[in-house]
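Reading the structure
Residues per chain, in single letters:
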Amino acid sequence: MKKKEQSKREIQEDIVLNKVLWWIVGTVVVEFIVLMINRFYVNYRVAEIDFSIKMLRPVFHVLTYVLPVCFVVLLLAWLALRRKGKGSKPLAVLTVVALLLAVCVSVTWLFGAPGVKFLYIAVPAVGVLALVYYLYQHEFFLVAVLSALGLLGVWVLPHDSGTLVKACVMLAVIVAVLAAAAVFARMLQSRQGCLTVKGRGVQIFPKNANYALLYLTCIIVAVVVILAFVLGALAFLYGVLVAWLLIMAVYYTVRMM
C-alpha cells in the first residue's frame, strides 16, 4: 500500500512539474514576443517606418479580430472533446496560446506603447500566478490574484486617460470582483472548502483553510484601490500590497512545512 501511495504521489508530482515547465516556457516565449512587438511596432527605427506602419499595423488590426475568434473556436472544440471523455492536451495548449496572443495583440493595438509596457509586467505576473496555483495552496493563489488585481488598480486608475465616469466604472468592477471573491470564500467556508460539481464533491480549499485572511485581503485591496482612485498612484499604496503579499507568502510557506 505504501509503495502504491508513493508511486501515485510521484506521478502527481511529475504531472505538476510538467505543467509548471510548460507555463515557464510559455511565459518566456510570450515575453519574447512582447519584446519583439516593442522593438518593431512601438520603437521602430526610421528605416523601418514602412515596415511598421504599412505592414505590421494592418496585420495587428486583422489579428485583433482573428485571434479571439480562434480562441473561441479552440475552446469550444476542447470542451466538446472533454465532454466525450477525450481530453486533448495539445488542443488545450493551443487554446491557451491563442488566448495569450489575442490578449497581447489586442492590448497593443488598443493602447499602443502604454499597453506594451503593461504587458512587460503582466506576462511574467501571469506566469508567477500559475506557479503559485500549482505549487502553493489554492487559498494563497486567491490571495495572490486579488493582490495582483489591487496592484493593477493602483497603476491603472490614476493613469486612466478617459473620463471620470470611465474611472468610476473601472473602480466599481474591481470592487465587484473583490465582493464576489468574498462571497465565494464564504460559500466554501460554509461547506468546509468543498463544492459540488456535476454531483461530485470537489475539494477547493483544505478544511483548515484560514478564511479570515481571505476576507482581510479583500478589505485591504478594496481600501487601497479606493485610496488610489482618490489620491493617485502613491508609492505607499504599492508598498502596502507588496508587503501584504510577502507576508502571506511567508505564512503559507510555513504552513506547507
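Higher on the page you've got the structure.
Computed from a prediction, not measured in an experiment: that's the story for all the values here.

Let us look at the overall build of the chain. Scanning the chain for helices and strands turns up 8 helices and 2 strands. Reading the secondary structure of the chain in the N-to-C direction produces α-α-α-α-α-α-β-β-α-α. Counting only C-alpha atoms and orienting by the principal axes, one finds that the chain spans roughly 70 × 50 × 30 Å. Counting over 257 residues, the chain shows a buried share of 30%.

Here we come to the layout of surface pockets. Of the voids in this model, the largest pocket is the one considered here, and its volume is about 1200 Å³. In this structure, the largest pocket is lined by 29 residues; those nearest its centre are Trp23, Ala92, Val93, Val96 and Tyr134. Contributions of two or more residues to the lining of the largest pocket are made by helix H1 (2-42), helix H2 (49-83), helix H3 (89-111) and helix H4 (113-135). Considering each element in turn, the lining of the largest pocket owes the most residues, 11 residues, to H1. Considering only residue class, the lining of the largest pocket consists of 20 nonpolar, 6 polar and 3 charged. Lining the second largest pocket are 32 residues, with Ile121, Ala122, Ala125, Val126 and Ala148 positioned closest to its centre. When residues of the lining of the second largest pocket are traced back to their parent elements, those giving at least two are H1, H3, H4, helix H5 (138-159) and helix H8 (235-256). Per-element tally for the lining of the second largest pocket: the top contributor is H4, with 12 residues. When grouped by side-chain class, the residues that make up the lining of the second largest pocket number 28 nonpolar, 3 polar and 1 charged.

Tracing the chain through its elements places Thr108 in helix H3. A distance of 2.7 Å separates a polar atom in the side chain of Thr108 from the backbone oxygen of Cys104. Filtering out sequence-adjacent residues up to four positions away, Thr108 remains in contact with Ile37, Tyr41, Phe60, Val116 and Leu119.

Below, the discussion takes up unusual backbone geometry. Of note in this structure, Gln192 is not a glycine but carries a positive phi near 55°. Here Gln192 shows up in the loop between helix H6 (164-190) and strand S1 (194-197).

This brings us to the packing of H6 against helix H7 (residues 211-231). Orientation of H6 relative to H7, taken along the N-to-C sense of each, is 175°, at an axis distance of 9 Å. The orientation of H6 relative to H7 falls into the category roughly antiparallel. Taking contact as the criterion, the partners of Leu164, Ala167, Cys168, Leu171, Ile174, Leu178, Ala181, Ala182, Ala185, Arg186, Leu188 and Gln189 in H6 are, on H7, Tyr211, Leu214, Tyr215, Cys218, Val221, Ala222, Val225, Ile226 and Phe229. Residue classes in the contact of H6 with H7 are distributed as 19 nonpolar, 1 polar and 1 charged.

Together, Val175, Leu216, Ile219, Val223, Ile226, Leu227, Val230, Leu231, Leu234 and Phe236 make up a nonpolar patch on the protein surface, roughly 880 Å² of accessible area in all. Ranked by residues supplied to the nonpolar patch, first place goes to H7 with 7 residues. Assignment of secondary structure puts Ile219 in helix H7.

Taken as a whole and assessed by the stated rule, the structure comprises 8 aromatic pairs. With centroids separated by 5.1 Å and ring planes inclined at 70°, the aromatic side chains of Tyr133 and Phe141 adopt a geometry described as edge-to-face. Residue class for Tyr133 comes out partly exposed when judged on its relative accessible area of 36%. The partly exposed category is assigned to Phe141, whose relative accessible area is 25%. Three or more aromatic residues link up through ring pairs in this structure, and these residues are Tyr136, Phe140, Tyr251 and Tyr252. When the ring centre of Phe40 is taken as reference, the NZ or CZ atom of Arg39 above it lies at 4.7 Å.

Reading the values: the criteria
Residues numbered from 1 in each chain as written. Predicted model: local features only at pLDDT ≥ 70, side-chain atom pairs only at ≥ 80, totals over all residues. Heavy atoms only, no water. Helix = DSSP H or I, 4+ residues; strand = E, 2+ residues; numbered from the N terminus. Buried < 20%, exposed > 50% of the residue type's maximum accessible area, 1.4 Å probe, protein only. 1 Å grid on protein atoms, 1.4 Å probe; cavity = no way out; pocket = protein on both sides within 12 Å on 5 of 7 lines; lining within 4 Å. Points joined across faces, edges and corners; volume = space filled by probe spheres on them. Nonpolar A, V, L, I, M, F, W, Y, C, P; charged D, E, K, R; others polar. Polar contact = N/O pair within 3.5 Å; in protein donor to acceptor, adjacent residues only side chain to side chain. Contact = heavy atoms within 4.5 Å. Axes fitted to C-alpha atoms, helices over the stretch in contact; angles between N-to-C directions. Parallel < 35°, antiparallel > 145°, perpendicular 65-115°, else oblique. Patch = residues over 30% accessible without salt bridge, like charges linked within 9 Å, V, L, I, M, F, W, Y side chains within 5 Å. Areas by Shrake-Rupley, 256 points an atom, 1.4 Å probe, with all protein chains shown as cover. Salt bridge = Lys/Arg side-chain N within 4 Å of Asp/Glu carboxyl O. Phe/Tyr/Trp six-rings, centres within 6.5 Å; stacked < 30°, edge-to-face > 60°. Lys NZ or Arg CZ within 6 Å of the ring centre and 35° of its normal.

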